[in-house]
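Secondary and tertiary structure notes
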Amino acid sequence: MEVNIISNCCAGATLYKNYLGIPYNNPFIWAVLYPKTVFTLLESFYTINWLNIKLEEANLMVDPSQGRRNYKIIIDNKVEIFYIHYQFNETQSTIYDTGVDVFYNRIWEYVIEKYISRVKRMGELKVPPSFLLCDNKEGYSFSNNDILRLLSPRPFKIVLATDKDLSHYDIPANVMVIHHNGDKHLEICDKYHTNIIKFITAS
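Right, let's get into the overall build of the protein chain. Per the secondary structure count, the protein chain includes five helices and nine strands. Seen in sequence order, the protein chain has helices and strands lined up from the N terminus as β-α-α-β-β-β-β-β-α-β-α-β-β-α. For the protein chain, the C-alpha radius of gyration of 17 Å lies close to 17 Å, the compact-globule estimate for 203 residues. With respect to the principal axes defined by its C-alpha atoms, the protein chain has extents near 50 × 35 × 30 Å. In the protein chain, buried positions account for 51% of the 203 residues. Considering only contacts within the protein chain whose residues lie at least 6 apart along the sequence, 55% involve residues at least 24 apart.

As structure tokens, then:
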């Protein structure tokens, strides 16, 4: 099965790891994407220079005073990927990988290495990207105006998991809406993975 699932949260990585059983083939794995980056990808995916990158300390969802730091990669000065699960740990001189979280005292090297290898895999794919977007995370959820933009017809398939009532919206054929009542994004994968994969892989 060849897919390229880009997610704004850990749901995409969970789908790869627990249900697809294929290598991570894009750099948006165990990461956070803010809406601005999501729309840049939707509107400019094929014009992005994926090798024009810059690494910066981000410290999203961690406390540096406790010795934990994480990083983001900025691509082509327009896309930001926050690698929240890849964390600096001063005492960890070898890579410690839990299957989700990775701890290492040279974590920036790990981030760059994984980014480059996954971008290479993505470049070898013959399928367009699909998007799995969760709208239930404070800080990077979608506004009502964002939802309207997501529901515009596009050449990419979008799975939108939201607790917003979209019954009064026209849903285009390229969009699948999963309505939930506050489920966490990992719970959404567990409940709906069959339908998500079927929609994304349908011709």
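Having seen the structure, we can now continue with the description.
At a minimum axis distance of 10 Å, the contact between helix α1 (residues 11-20) and helix α5 (residues 185-201) shows a crossing angle of 60°. In terms of orientation, α1 and α5 fall into the oblique class. As α1 runs across α5, the sense of the crossing is right-handed. Seen from α1, the contacting residues are Ala11, Thr14, Leu15, Tyr19 and Leu20; seen from α5, they are His185, Leu186, Cys189, Asp190, His193, Ile196 and Ile197. Here the residues of the contact of α1 with α5 are counted per class, giving eight nonpolar, three polar and one charged.

This part covers the packing of aromatic side chains. A complete count under the given rule lists 14 aromatic pairs for this structure. With 6.2 Å between their ring centres and 65° between their planes, Tyr71 and Trp108 make a pair best called edge-to-face. You can see Tyr71 sitting in strand β3 (residues 68-75) and its partner Trp108 sitting in helix α3 (residues 107-124), a full 37 residues away along the chain. With a relative accessible area of 8%, Tyr71 lands in the buried category. Pairwise contacts between aromatic rings join Phe28, Phe45, Tyr46, Trp50, Phe131 and Phe156 into one cluster. For the cation-ring pair, Arg149 lies above Phe39, with the distance from its terminal atom to the ring centre recorded as 3.8 Å. Just above the ring of Phe199 sits the side chain of Lys157; from NZ or CZ to the centre is 5.4 Å.

Taken in spatial order, the four strands of this open sheet run β1-β7-β8-β9, and their pairing is parallel. The open sheet terminates on both sides in strands that have one partner only, identified here as β1 (5-7) and β9 (175-179). The mean angle between the axes of side-by-side strands here comes to 15°, regardless of whether they run parallel or antiparallel. Relative to strand β7 (residues 130-134), β1 runs parallel, the two sharing three bridges. Paired with Ser7 across the bridge in β7 is Leu132.

Turning our attention to the environment of Ile116. Along the polypeptide, Ile116 turns up in helix α3. The class of Ile116 is partly exposed, set by a relative accessible area of 37%. C-alpha separation for the pair Ile116 and Phe156, spaced 40 residues apart in sequence, amounts to 23 Å. The contacts of Ile116, once residues within four sequence positions are left out, are Leu51 and Ile53.

Rules used in this analysis
- Residues numbered from 1 in each chain as written.
- Predicted model: local features only at pLDDT ≥ 70, side-chain atom pairs only at ≥ 80, totals over all residues.
- Heavy atoms only, no water.
- Helix = DSSP H or I, 4+ residues; strand = E, 2+ residues; numbered from the N terminus.
- Rg over C-alpha atoms; globule rule 2.2 N^0.38 Å.
- Buried < 20%, exposed > 50% of the residue type's maximum accessible area, 1.4 Å probe, protein only.
- Contact = heavy atoms within 4.5 Å.
- Axes fitted to C-alpha atoms, helices over the stretch in contact; angles between N-to-C directions.
- Parallel < 35°, antiparallel > 145°, perpendicular 65-115°, else oblique.
- Left-handed = near helix turned anticlockwise from the far one by under 90°.
- Nonpolar A, V, L, I, M, F, W, Y, C, P; charged D, E, K, R; others polar.
- Phe/Tyr/Trp six-rings, centres within 6.5 Å; stacked < 30°, edge-to-face > 60°.
- Lys NZ or Arg CZ within 6 Å of the ring centre and 35° of its normal.
- Pairing = 2+ DSSP bridges.

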